[in-house]
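Observations on the three-dimensional arrangement
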Amino acid sequence: MAQLRIENLTKRFSGQIVTRDVSLVVDDGAFCVFVGPSGCGKSTLLRLIAGLESADSGRIFVDGRDVTDAPAYDRDLAMVFQTYALYPHMSVRDNIAFALRTAKRPEPEVAAKVAEAARILQLEPYLDRKPATLSGGQRQRVAIGRAIVKAPKLFLFDEPLSNLDADLRVHMRLEIARLHKDLGATIVYVTHDQVEAMTLATKIVVLRDGRIEQMGSPLQLYDDPDTLFVAGFIGSPKMNFLTARLQGGYLSLSECDGQKIRCPEPGLALADGAGVTVGLRPQVLGRTGDQSLEGMIEIVEHFGSDSLVHARPAGSTRLLTALVDNGRELASGHRFEARFRTEDLLFFDQAGQRIR
Amino acid sequence: MTPGRSVENALLAGPLVLFLLAVLGFPTVLSLVYGFSETGFQTLTAPEFSGLKNFRDVTADPTFWQAAWFSLRFGAITALLQCGLGLALAVYLAPLARAHGWTVAILIIPMIVAPAMMGLMYRLVLHEFAGPVPHYLYSWFGWSPSFLGPANVFKTVVVAETLQWTPFAFLLFLTAYQSIPQDLREAAAVDGTRPWRLFWKIELPLMMPTVFVALFIRFIDGFRVFDNIYTLVGAGPGGSTTSISIYIYETFLRRGEIGKALAAAILLFATAFVLLSVAQRLLRGRAP
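Computed from a prediction, not measured in an experiment: that's the story for all the values here. (Residues numbered from 1 in each chain as written. Chains lettered and ligands numbered in written order. Predicted model: local features only at pLDDT ≥ 70, side-chain atom pairs only at ≥ 80, totals over all residues. Heavy atoms only, no water.)

Right, let's talk about the overall build of chain B for a bit. Helix and strand counts for chain B come out as 13 helices and two strands. For 288 residues, the compact-globule estimate of 2.2 N^0.38 gives 19 Å, and chain B exceeds it by more than 25% at 24 Å. Its C-alpha atoms give chain B principal-axis dimensions of about 75 × 75 × 30 Å. Every one of the 288 residues in chain B was classed for burial, and the buried ones make up 40%. In chain B, 68% of the contacts between residues at least 6 apart in sequence involve partners at least 24 apart. Total accessible area on chain B is roughly 16,400 Å²; 73% of this is exposed by carbon and sulfur atoms. With 19 positive and 15 negative side-chain charges, chain B shows a separation of 6 Å between the mean positions of the two kinds. (Helix = DSSP H or I, 4+ residues; strand = E, 2+ residues; numbered from the N terminus. Rg over C-alpha atoms; globule rule 2.2 N^0.38 Å. Buried < 20%, exposed > 50% of the residue type's maximum accessible area, 1.4 Å probe, protein only. Contact = heavy atoms within 4.5 Å. Areas by Shrake-Rupley, 256 points an atom, 1.4 Å probe, with all protein chains shown as cover. Lys, Arg positive; Asp, Glu negative; His and termini not counted. Charge placed at Lys NZ, Arg CZ, Asp CG, Glu CD.)

The pLDDT averaged across chain B works out to 87; a share of 98% of its residues lies at or above 70. Per the prediction output, this complex has pTM 0.81; the corresponding ipTM is 0.84. (pLDDT = per-residue confidence, 0-100.)

As a further point, take the packing of helix H3 (residues 62-99) of chain B against helix H8 (residues 153-178) of chain B. Residue and element names in this part refer to chain B. Contact pair H3 / H8: the axes reach a minimum separation of 5 Å and the direction vectors enclose 45 degrees. Accordingly, the angle class assigned to the pair H3 and H8 is oblique. Helix-helix and strand crossings are classified by hand; for H3 and H8 the assignment is right-handed. For the contact of H3 with H8, a count of residues per class yields 22 nonpolar, six polar and three charged. (Axes fitted to C-alpha atoms, helices over the stretch in contact; angles between N-to-C directions. Parallel < 35°, antiparallel > 145°, perpendicular 65-115°, else oblique. Left-handed = near helix turned anticlockwise from the far one by under 90°. Nonpolar A, V, L, I, M, F, W, Y, C, P; charged D, E, K, R; others polar.)

Take the sheet that holds strand E8 (residues 187-191) of chain A next. Residue and element names in this part refer to chain A. Here we have six strands laid out as an open sheet, ordered E6-E7-E8-E3-E9-E10, and mixed in their pairing. Pairing within the sheet leaves two strands with one partner each, and these edge strands are strand E6 (77-80) and strand E10 (211-216). The mean angle between the axes of side-by-side strands here comes to 20 degrees, regardless of whether they run parallel or antiparallel. Where strand E7 (residues 154-158) meets E8, four bridges bridge the pair, whose relative direction is parallel. (Pairing = 2+ DSSP bridges.)

The geometry of an aromatic ring pair comes down to the distance between the two centres and the angle between the two planes. Evaluated as defined, the whole model comprises 20 aromatic pairs over all chains. With 5.1 Å between their ring centres and 80 degrees between their planes, Phe 64 of chain B and Trp 65 of chain B make a pair best called edge-to-face. One aromatic cluster is present, built from ring pairs that chain together Phe 31, Phe 155, Phe 157 and Tyr 189 of chain A. One Lys or Arg, Arg 281 of chain A, reaches over the ring of Tyr 222 of chain A and ends 4.0 Å from the middle of that ring. (Phe/Tyr/Trp six-rings, centres within 6.5 Å; stacked < 30°, edge-to-face > 60°. Lys NZ or Arg CZ within 6 Å of the ring centre and 35° of its normal.)

We now examine the interface of chain A and chain B. Tallying the contact residues gives 22 residues for chain A and 17 residues for chain B. Taken together, the connections running from chain A to chain B amount to two salt bridges. Residue Glu 186 of chain B pairs with Arg 47 of chain A through a salt bridge whose shortest N-O separation is 2.6 Å. Applying the counting rule to chain A against chain B returns eight residue pairs in polar contact (both at pLDDT 80 or more). When contributions to the side of chain A that touches chain B are tallied by element, the ones reaching two or more residues are helix H1 (42-50), E6 and helix H2 (92-102) of chain A. Counting residues per element, the side of chain A that touches chain B draws most heavily on H2 of chain A, which supplies four residues. Considered class by class, the residues forming the side of chain A that touches chain B number 15 nonpolar, three polar and four charged. (Salt bridge = Lys/Arg side-chain N within 4 Å of Asp/Glu carboxyl O. Polar contact = N/O pair within 3.5 Å; in protein donor to acceptor, adjacent residues only side chain to side chain.)

It is worth spelling out the sheet that holds strand E20 (residues 354-355) of chain A at this point. Residues and elements named next belong to chain A. Sheet architecture is open: six strands sit in the order E13-E12-E11-E14-E19-E20, paired in antiparallel fashion. Each of the sheet's edge strands pairs with one partner strand only, and the pair in question is strand E13 (260-262) and E20. Where strand E11 (residues 240-247) lies against strand E14 (residues 275-280), six bridges are found, and the strand directions are antiparallel. Along E14, the bridge assignment pairs Ala 244 with Val 276.

To continue, consider the pattern of salt bridges. Close approach of charged atoms allows side chains of opposite charge to pair. Residue and element names in this part refer to chain A. One pass over the full model with this rule turns up 37 salt bridges over all chains. Among the ionic pairs, Arg 119 bridges to Glu 116, the shortest N-O distance being 3.2 Å. Highlighted residues: Arg 119 and Glu 116, both in helix H3 (residues 107-120), separated by three residues, approximately one helical turn. For Arg 119, a relative accessible area of 47% gives the class partly exposed. Taking relative accessible area as the criterion, Glu 116 reaches 39% and is therefore assigned partly exposed.

Taking 1.5 Å as the rise per residue, H3 of chain B with 38 residues should run 56 Å; its terminal C-alpha atoms sit 54 Å apart, in good agreement. One side-chain oxygen at the N-terminal end of H3 of chain B lies 2.9 Å from the backbone nitrogen of Thr 63 of chain B; it belongs to Asp 61 of chain B. (Expected span 1.5 Å × (residues − 1).)

Leu 4, Ile 6, Phe 34, Ile 49 and Leu 156 of chain A together with Phe 173 of chain B are the most contacted members of the largest nonpolar core, which totals 62 residues. Here this core takes seven residues from helix H10 (residues 195-223) of chain B, the largest share from any one element. Ignoring anything within four residues of it in the chain, the contact list for Phe 173 of chain B reads Cys 83, Gly 86, Leu 87, Ala 90, Met 207, Thr 210, Val 211 and Ala 214 of chain B. Listed in part, the 47 residues of the second largest apolar core include Phe 31, Leu 100, Val 110 and Ala 197 of chain A. (Core = buried A, V, L, I, M, F, W, Y, C linked by side-chain atoms within 4.5 Å.)

Here it is as structure tokens:
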């Protein structure tokens, strides 16, 4: 297992920059997730690490060794592809054994490692079948098996769960988390699904337009986002954003018929009349708190233990989402008072940067 | 299938069956009739049934067996050469073909020249006294092989056929090579596979069905070769380049032994049919 270090990595495709001066460190044994919307450059970054694309500038170090110019077969990594990329003419056993045989390991060792991987991934009954006869989840497990027998320095996962149905995705997510715990492996994992990122990662790297928007632990990003983009991307359901204008010690919500909320002490370091975006997580809106917003309930989604309320403040074009405990008494058409605590408010300036 | 449907099917397939019967069936029946008859140009309208006599004549004719052996060797050797070269070219040139598609058009030019023209061209170019190739070999090295002489004529026709039809194999293999999903190559590369092993363990096995098809098509084509050899050297010195097709042609038109020629043709057809069925069964057995 090893540390991954990337320094000022830049990649262009026909003149267009897809990875822009990226620098980061993934510690030994960490589970690092690259997350971002499609086209943000996260897959390209992974392919650069794997050696499937060549960098235009910058360096990549695996375990201290500069692999920037090394071919993919010489980097001692393992990668799980979104499409699984199983060799269709080989049995499951041969697929899993392929990397070991390529490395010319003795056959008894190969057999032992394949058996071990098959046991961990519950693939024993399928070892002699061809990939075409397996279900999506089984193929996914074979692809993971192919990666783990190598005991590589670094595991790379490229959106491994996006071709699976919802149930299986949750199941495989747990499997991957367990695998990380059992193997203690260093993992770099790409996904566009922030739930996967939150649940699996020890470190999340949020990418946007080829740049690193913010990185940190999942809860750091959730509690303390640097930008509007990160605040909106991390967390489910999505954070509510309200446009406001600073007036005295108050924020006047221009979209909500001028409803006002009080600024926290000692106030915001902005000129009077400045535009501000106020962020409020659905989880902090509820029945208690020192401030409130009012609206009419349009839709309530009851989950049983809690309810997701979509309410429209008077005059607003946007719905306010609140996740409230129980909430069985709530129904559309009712008036809804969403209470919150002043310290739960987040503020962003017009450029989308956090005001602290 | 319900009876109504089978009537419908018969109606729909009927015209095609009639057309095939008219186009293929009539000559086939005629060939069978002549093949089992004592026939010459004088007795075309009144063939006289002679049982298996023509077949006995053919199988007793050493020239027939010589021709069959020539066709078999020619077909097998050219098919192997063409597929070997075509495969190497396809893998080697795939990046070029991907970047500049028009280069493929240049590579397949030999295929669109009529084989008879090819034979005539080589006849000019390799002619012992007038041909440019022997001429320059003589003036530069003081020596030239006799390309069309008995010692070398087999090699010459094999090379001529290979040069013309390698592009066919190349084209098939290029398509097969390019249809291998890129992520398999990437997965293998990340697994530590160097290019040479990638070819033997991943790419070639995935191309095997195409390799079989190409070998088979090229073998059949080589086995019944006629035009380029006939225009290049005719039956060859001492009949050394007489293929089955040339044998049939010569027996039919030169010697007027129509019944015997058709008997040979029927044998050729039967052999090809058996080979085809076996190959098809093998291919179907291999398909996943």
